[in-house]
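# Structural characterization, general
Residues per chain are reported as follows:
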Amino acid sequence: LRRISTEEISRQHALLAEGAGRRGVLTGLTYALAAVFVPLPYISALALLDYTAERFGLIWMHNLLPSKSPLRYFGTLAAVFTSQLAFSTMLALSYQHPSQLAAAFGAGTMTLTLLQMASIRVVHLPYAAAGLGISFLVSLVAVTVNWQSRSGFEGLVFSYLALAAAAYFVYAIVIANHDLHDGMARERVAAKTADRAKSRFLTQMSHELRTPLNAILGLGHAELAHARDSASIERLRLVTDAARSLAVILDDILDMAAVEAGRLPIRPVTCNIADELDAAAALYRPLCHGQGLTFSVTLAPDLPAHAQIDTQRLRQCLSNLFSNALKHTVSGG
């Protein structure tokens, strides 16, 4: 029991619970059709047993820890066994009806049931084994009863061979589907682990970069305080502005979890829009001049003097626009 994956049980419960309503309707329809061939009291008793076992099985499976609740775990196995026993018995009784239509109904519905179980009860293999095992056992009994009057010895042998082939076919489907579910679960775990590692790396890297960045900002402000000529002041101001922009990027890295969750934080403050536009443009003006391009900023006359804006996001947007323009402009400005 300690080796049973609780996450596997949880995935199996989620898969069963997701389609419980549709399965319930289709199961009820099948019992209603079987009432044509089987006495109603039998059908009613088997349907009640089936639905009760299915319901309790889902309840006991929810948040199940097999190592801590072994009785609940074995209860879920018994529920799968009992539910499928009731359903298979209904089909077996239908198969015994002398009508050829009843035999086709019983055999065909049993085939569909086996394929359905091979699809939805394969996350945890013991559940598949419990349901499929009792289904094949009941099917074996059903084709054996009254075989002399129904199909003769040759028909009985053919039925046994067909059941053996079906058992092998369903076994192959169960194993393949189980491996598929297991592989997908492992990939999800690996992806989450890699994502957490990436987030830790980005957070650590941003902290490591803050030390030299703070030194650049500190030295830049110190030199700016002692600078006298306008050219030096302008160059130092560009350096400090670029360092502040890098600090914004590092803040975004620290907010990576919020970004990936679609909750990028917006922090509006009252600012002078013209100053922000000029500050963003000033970083790219020297680059443009260095490539022989002209660079000019023209502000609309109706531009408000102040507004509530997230200045960091505004500079990021403008930097992206300036960078793309610089990259794709060969001549002119």
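Quick note: structure is the one above.
Residues numbered from 1 in each chain as written. Predicted model: local features only at pLDDT ≥ 70, side-chain atom pairs only at ≥ 80, totals over all residues. Heavy atoms only, no water.

### Focus on the packing of helix α11 (residues 273–282) against helix α13 (residues 311–328)
Two elements in contact, α11 and α13, have axes separated by 10 Å at closest approach and are oriented at 40 degrees. The orientation of α11 with respect to α13, classified from their angle, is oblique. Handedness of the crossing formed by α11 with α13: right-handed. Judged by residue contacts, E276, L277, A279, A280 and A281 of α11 engage T311, L314, R315, L318 and F322 from α13. Here the residues of the contact of α11 with α13 sort into seven nonpolar, one polar and two charged. (Axes fitted to C-alpha atoms, helices over the stretch in contact; angles between N-to-C directions. Helix = DSSP H or I, 4+ residues; strand = E, 2+ residues; numbered from the N terminus. Parallel < 35°, antiparallel > 145°, perpendicular 65-115°, else oblique. Left-handed = near helix turned anticlockwise from the far one by under 90°. Contact = heavy atoms within 4.5 Å. Nonpolar A, V, L, I, M, F, W, Y, C, P; charged D, E, K, R; others polar.)

### Observations concerning helix α5 (residues 100–120)
Helix length check: α5, at 21 residues, gives a terminal C-alpha distance of 30 Å against a target of 30 Å (1.5 Å per residue), a fit within 8%. For α5, every residue scored as buried is listed here: A102, A103, F105, G106, T109, M110, T113, L114, M117, A118 and I120. The distance from a side-chain oxygen at the start of α5 to the backbone nitrogen of L101 is 3.1 Å, and the residue carrying that oxygen is S99. (Expected span 1.5 Å × (residues − 1). Buried < 20%, exposed > 50% of the residue type's maximum accessible area, 1.4 Å probe, protein only. Polar contact = N/O pair within 3.5 Å; in protein donor to acceptor, adjacent residues only side chain to side chain.)

### Quick word on helix α3 (residues 40–61)
Compared with the 32 Å implied by 1.5 Å per residue over 22 residues, the 31 Å span of α3 between its first and last C-alpha is a close match. Taken together, the buried positions of α3 are occupied by I43, L46, A47, D50, A53, G57, L58 and M61. One face of α3 carries all of its buried residues, which in axial projection span an arc of 140 degrees. α3 presents L40, P41, L48 and R55 as exposed residues on the side facing more than 90 degrees away from its buried surface. Close packing links the buried residues of α3 with α1 (6–18), α2 (20–34), α4 (70–95) and α6 (125–144). A positive backbone phi angle near 55 degrees is found at N63, which sits one or two residues after α3. (Arc of directions from axis to C-beta.)

### So, the nonpolar core
Proteins that are soluble and globular tend to have nonpolar side chains buried together. One finds Y31, M90, L114, L132, V170 and V174 to be the most contacted residues of the largest nonpolar core, which totals 31 residues. Y31 has contacts with I43, L46, A47, D50, A86, F87 and M90, leaving out every residue within four places of it along the chain. If you look at the next biggest cluster of nonpolar residues, it comprises eleven residues, including L16, I120, Y127 and A130. (Core = buried A, V, L, I, M, F, W, Y, C linked by side-chain atoms within 4.5 Å.)

### Comments concerning the packing of aromatic side chains
Taken as a whole and assessed by the stated rule, the structure comprises six aromatic pairs. Look at Y73 and Y127: their rings are 6.3 Å apart centre to centre, the planes differ by 40 degrees, and that puts the pair in the tilted class. Here Y127 lies in helix α6 and Y73 lies in helix α4, a separation of 54 residues in the sequence. Residue classification places Y73 among the buried residues on the basis of a relative accessible area of 4%. (Phe/Tyr/Trp six-rings, centres within 6.5 Å; stacked < 30°, edge-to-face > 60°.)

### Structural notes on a positive patch on the surface
Among the surface-exposed residues, R188, K192, R196 and R200 lie close enough to one another that they form a single positively charged patch. Structurally, the position occupied by R196 is in helix α8 (residues 152–226). For R196, a relative accessible area of 46% corresponds to the partly exposed category. (Patch = residues over 30% accessible without salt bridge, like charges linked within 9 Å, V, L, I, M, F, W, Y side chains within 5 Å. Areas by Shrake-Rupley, 256 points an atom, 1.4 Å probe, with all protein chains shown as cover. Salt bridge = Lys/Arg side-chain N within 4 Å of Asp/Glu carboxyl O. Lys, Arg positive; Asp, Glu negative; His and termini not counted. Charge placed at Lys NZ, Arg CZ, Asp CG, Glu CD.)

### Quick notes on the pattern of salt bridges
Taken as a whole, this structure holds five salt bridges when the rule is applied. In this structure, E54 engages R121 in a salt bridge whose closest nitrogen and oxygen atoms are separated by 3.1 Å. On the criterion of sequence distance, the pair formed by E54 in helix α3 and R121 in the loop between α5 and α6 is long-range, its members being 67 residues apart. Among the ionic pairs, R186 bridges to D182, the shortest N-O distance being 2.9 Å. With R186 and D182 both in helix α8, this residue pair falls four residues apart, about one helical turn. Overall, the relative accessible area of 59% leaves R186 in the exposed class.

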